[in-house]
Amino acid sequence: MAEEKQKVVFDEGRIEQIAEFQSPETLYQDLISRVKKYHPSDDISLIEKAYKVAYEAHKTQVRKSGEPYIIHPLCVAIILADLELDKETIVAGLLHDVVEDTILTAEEIRREFGPDVELLVDGVTKLQQLQLSRGEGGDVDKLEMQAENLRKMFLAMAKDIRVIMIKLADRLHNMRTLKHMPPEKQQRIARETMDIYAPIAQRLGISKIKVELDDLSLKYLEPEVYYDLVDKIAVRKSVREKYIQSIVDEVSEHIRTAGIKAKVDGRVKHFFSIYKKMKNQNKTIDQIYDLFAVRIIVDSVKDCYAALGVIHEMYKPIPGRFKDYIAMPKANMYQSLHTTLIGSSGQPFEIQIRTYEMHKAAEYGIAAHWKYKETSDGKKVDGQEEEKLVWLRQILEWQKDMSDNKEFMKLLKSDLDLFSDSVYCFTPTGDVKNLPAGSTPIDFAYAIHSAVGNKMIGARVNGKLVTIDYEIKNGDRIEILTSQNSKGPSRDWLNIVKSTQAKSKINQWFKNELKEDNIVKGKELLLAYCKAKVIDTVQIMKPPYMEYVMHKYGFRDWDSVLAAVGHGGLKEGQILNKMQELYDKEHKKELTDEEVLSEVAENAQTKLIRPKSQSGIVVKGIDDVAVRFSKCCSPVPGDEIVGFVTRGRGVSIHRTDCVNVINLSEIDRGRLIDAEWQVSAAENTGEKYLAEIKIFANNRNGLLADISKALTEKNIDILSMNTRTSKQGIATLATSFEISSRDELQRIIDKIRMIDSVIDIERTTG
């Protein structure tokens, strides 16, 4: 037994790899055995049913490796079982691709497996259906893509944290089998994994997944570096094993002599950690000696500090390399004592000391305490786990003030810093504040309250006056000096502060306080743009065009539009190009017949009526004529309609206000034919018709959820939903769904208009 507690572990910190090309049945039995190890119930009927459904749904599909597709969801479920997650999460892991890749619907999942599983599968599916914005020439903007991934991921995490756990397991298995992908795809997926998924796993404290994602990303992003590390570590493996084993034996003996019950083991640091150290310190692997760490796991916090005393008596600690993450946990609630020491041979090594509970939390993160509470209230996350999500709520709050995806991404990666260390400091009353490394007293002030930051005139650190650009250090006690006579923050502060919270609040102050200056600046920017683009201001600065712009962007008066341009909330080109477009439309020259026919051919995509029901259309008094509903304007019962006789495709039904109909030439107008709805079209047949609308709104946290909720409450089946956000924070959401009549559509539009931040709603007109 003693030998089991004193060992060197050279593959530590990873979820067990699953051998490729195992049969689905073998993997399924493996999954069940893992679940039964930790699940209090022997009832695995729900998991069995999910496996059968997934197997049937994916039976015709294969992966790039050539193996049956069902292998992937099985491996995802096994990873989730290794994290000891609940049955609903395991089931959702098995079903996470069925809605995306097969004919199975979300409603069928809800009926068969319950609302909990349906919610999880839906959340993962939506993460896989990202609508990526495209740059000039149609290329996907990588920064936009990454930002959209993060935004959507944070929203999904806020709804149910288990969604991201499934997504992490999905990504881990995809990374394990990435060798079957082409090189360019390997690079893209590995970069996304290192930039997004690994840091999120770290924030959730799931080191078991984070460690492996990092190493696998390095393998594909820097293959030469990775395999060089593998070779060099293997060369002196026996020497290193002997060295670290001697330390494990020494530590174990002294800990035992001190009467402390403990498990002591040694481990090799993972490749990415070694690579970072080599890169940051500009050293070769031979110059880095602390490639190993010794871990001491004890029963209580008291024993942690007792063991620390024993260790510091045995070895000489390196000054400045002791960290107490028990008293001051990391942002992801990681707890442990870290100390770096000089061994008897003169080589440095690290020791980590923690309790068994802390160790489990470090390995499994937020999943560590996800126990089965099969009650009518569902599953609850305890208070300690809620603390791990404080950073998530902050990010969701800060999204409100991000003007576009690129700004959000920049601030998230470099300022909020999802990827960097934190600094811990204290208020005068002893409360702890956790700020990004490099933060200043200004960041601290805005972390207390925006009013404190806006009235700040100075700061004391540990009782001494400091400059406002002082870099806060761990353990600093900070007091903010304020004055009611303060004129507010300086724009220079934006170059000093480190946290997104502070930058957002400073920008908000300038928007609110400097409206007059912004109006003047806005006028100057508009005139300068007109001059540069040779736009006639007399032509476009007319009340109807100005009214349209104010209504579109939600402003009460023109001065507010100018102020928004002045502080950067709206771009001058955005305003003036829209007004020029309105002018050109009003003075549009007659299109040639060829131009109109070309436009109709391009835009009048059509949707064939379902064969199971009648069209509900009367064309010149004839029932059930072969008609198609034009997708360019999506007519519904109650709309004024007209038919257009196509060449060989029957009659295409348009709304009378459709742009394509309005712009028809005189020749093609002869192909129009009277059409009207049957009285029974919406009332008796139960037929559903495609409707498409565009929603314009000021972007904010929860907007998409509120709109989806409004549609769900009206029992609307959403077919598609695409969103994009301008640099000025105006969100355009295009959605299509099925309804039975124009009255129903109007009720839906009226409900959405009542949602906070919604500016305008338009139906598609071509």
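Residues numbered from 1 in each chain as written. Predicted model: local features only at pLDDT ≥ 70, side-chain atom pairs only at ≥ 80, totals over all residues. Heavy atoms only, no water.

Enquirer: Tell me what's going on with the confidence of the model for the protein, and back it up with residues and numbers.
Expert: When pLDDT is averaged along the protein, the result is 76; 76% of the residues meet or exceed 70. Within the protein, strand 13 (residues 606-608) has the poorest average pLDDT of any element, 38, and strand 10 (residues 456-461) the best, 93. Here residues 370-385 scores under 50 on pLDDT; set against residues more than four positions off or in separate chains, the count is 34 contacts. Overall, residues 414-419 carries pLDDT values under 50, and its contacts beyond four positions in sequence, including any with other chains, amount to 24 contacts. (pLDDT = per-residue confidence, 0-100. Helix = DSSP H or I, 4+ residues; strand = E, 2+ residues; numbered from the N terminus. Contact = heavy atoms within 4.5 Å.)

Enquirer: Please provide a residue-by-residue account of the sheet that holds strand 8 (residues 422-426), values included.
Expert: The strands making up a sheet associate through hydrogen bonds between their backbones, and the pairing can be parallel or antiparallel. With mixed pairing, 5 strands are arranged side by side in an open sheet as 9-8-12-10-11. With one partner strand each, in any of the chains shown, strand 9 (432-436) and strand 11 (464-466) form the two edges of the open sheet. The mean angle between the axes of side-by-side strands here comes to 45 degrees, regardless of whether they run parallel or antiparallel. Of the pairings in the sheet, the one linking strand 8 to strand 9 comprises 5 bridges and is antiparallel in character. Considered in strand 9, the bridge of Cys425 is made with Lys433. (Pairing = 2+ DSSP bridges. Axes fitted to C-alpha atoms, helices over the stretch in contact; angles between N-to-C directions.)

Enquirer: If you had to explain the pattern of salt bridges to someone new, which residues and values would you point to?
Expert: Applying the stated criterion across every chain, the model contains 23 salt bridges. We note a salt bridge from Glu479 to Arg460, for which the minimum N-O separation is 3.7 Å. Linking Glu479 in strand 12 (residues 476-482) with Arg460 in strand 10, this pair joins segments that are 19 residues apart in sequence. Taking relative accessible area as the criterion, Arg460 reaches 30% and is therefore assigned partly exposed. Through salt bridges that share partners, Asp30, Arg34 and Asp82 make up one connected network. (Salt bridge = Lys/Arg side-chain N within 4 Å of Asp/Glu carboxyl O. Buried < 20%, exposed > 50% of the residue type's maximum accessible area, 1.4 Å probe, protein only.)

Enquirer: Before we move on, could you go through the packing of aromatic side chains and cite the residues and values that matter?
Expert: Under the criterion given, the structure shown has 6 aromatic pairs. Centre to centre, the rings of Tyr28 and Tyr51 are 4.3 Å apart; their planes meet at 10 degrees, and the pair counts as stacked. One end of the pair, Tyr28, is in helix 1 (residues 24-38); the other, Tyr51, is in helix 2 (residues 45-57), with 23 residues separating them in the sequence. Each member of the pair, Tyr28 as well as Tyr51, is classed as buried. Aromatic pair Tyr325 and Tyr334: ring centres 6.0 Å apart, planes at 65 degrees, arrangement edge-to-face. Relative accessible area serves as the criterion here: at 13%, Tyr325 is assigned to the buried category. (Phe/Tyr/Trp six-rings, centres within 6.5 Å; stacked < 30°, edge-to-face > 60°.)

Enquirer: Give me the nonpolar core: which residues, what numbers.
Expert: In terms of nonpolar packing, the biggest core is built from 70 residues, with Leu31, Ile47, Leu95, Leu168 and Ile209 touching the most fellow members. The element contributing the most residues to this core is helix 3 (residues 71-82), with 9 residues. Counting residues in hydrophobic clusters, the runner-up holds 32 residues, among them Leu703, Leu733, Ile748 and Ile761. (Core = buried A, V, L, I, M, F, W, Y, C linked by side-chain atoms within 4.5 Å.)

Enquirer: Lay out helix 10 (residues 183-203) with the relevant residues and their values.
Expert: Between its terminal C-alpha atoms helix 10 stretches 29 Å, which fits the 30 Å expected from 21 residues at 1.5 Å a residue. The principal kink in helix 10, of about 45 degrees, is found at Thr193. Residue Gly205 follows helix 10 closely and has a positive phi angle near 80 degrees. (Expected span 1.5 Å × (residues − 1). Bend = angle between axes of the 7 residues up to and from the residue.)

Enquirer: Hey, could you go over the packing of helix 26 (residues 558-567) against helix 27 (residues 572-586) for me, with residue numbers and the actual values?
Expert: Taken N-terminus to C-terminus, the directions of helix 26 and helix 27 make an angle of 135 degrees; their axes are 9 Å apart at the nearest point. Considered as vectors, helix 26 and helix 27 are oriented oblique to each other. Across the interface between the two elements, Trp558, Val561 and Val565 of helix 26 pack against Glu572, Ile575 and Met579 of helix 27. Tallied by class, the residues present in the contact of helix 26 with helix 27 amount to 5 nonpolar, no polar and 1 charged. (Parallel < 35°, antiparallel > 145°, perpendicular 65-115°, else oblique. Nonpolar A, V, L, I, M, F, W, Y, C, P; charged D, E, K, R; others polar.)

Enquirer: Now, about the sheet that holds strand 22 (residues 730-739): what can you tell me, with residues and values included?
Expert: Read from one edge to the other, the open sheet built from 4 strands follows the order 21-22-20-23, with strand pairing classed as antiparallel. In this open sheet, the two strands that pair with only one neighbour each are strand 21 (717-725) and strand 23 (758-763). Direction aside, the axes of adjacent strands within the sheet are offset by 20 degrees on average. Here strand 20 (residues 689-698) pairs with strand 23 via 5 bridges, running antiparallel. Looking across to strand 23, one finds that Ala697 is bridged to Val758.

Enquirer: Outline the packing of helix 9 (residues 162-176) against helix 10, listing residues and values.
Expert: As a packed pair, helix 9 and helix 10 sit with axes 11 Å apart at the nearest point and diverge in direction by 145 degrees. Viewed along their axes, helix 9 and helix 10 form a crossing whose handedness is left-handed. For the pair helix 9 and helix 10, contact is made by Ile164, Lys167, Leu168, Arg171 and Met175 and by Ile189, Ala190, Glu192, Thr193, Tyr197, Ile200 and Ala201, respectively. Of the residues in the contact of helix 9 with helix 10, the class split is 8 nonpolar, 1 polar and 3 charged. (Left-handed = near helix turned anticlockwise from the far one by under 90°.)

Enquirer: Now, about the side chain of His359: what can you tell me, with residues and values included?
Expert: Structurally, His359 is set in helix 16 (residues 356-364). Residue contacts for His359: discarding those within four places in its chain leaves Arg295, Ile297 and Arg354.

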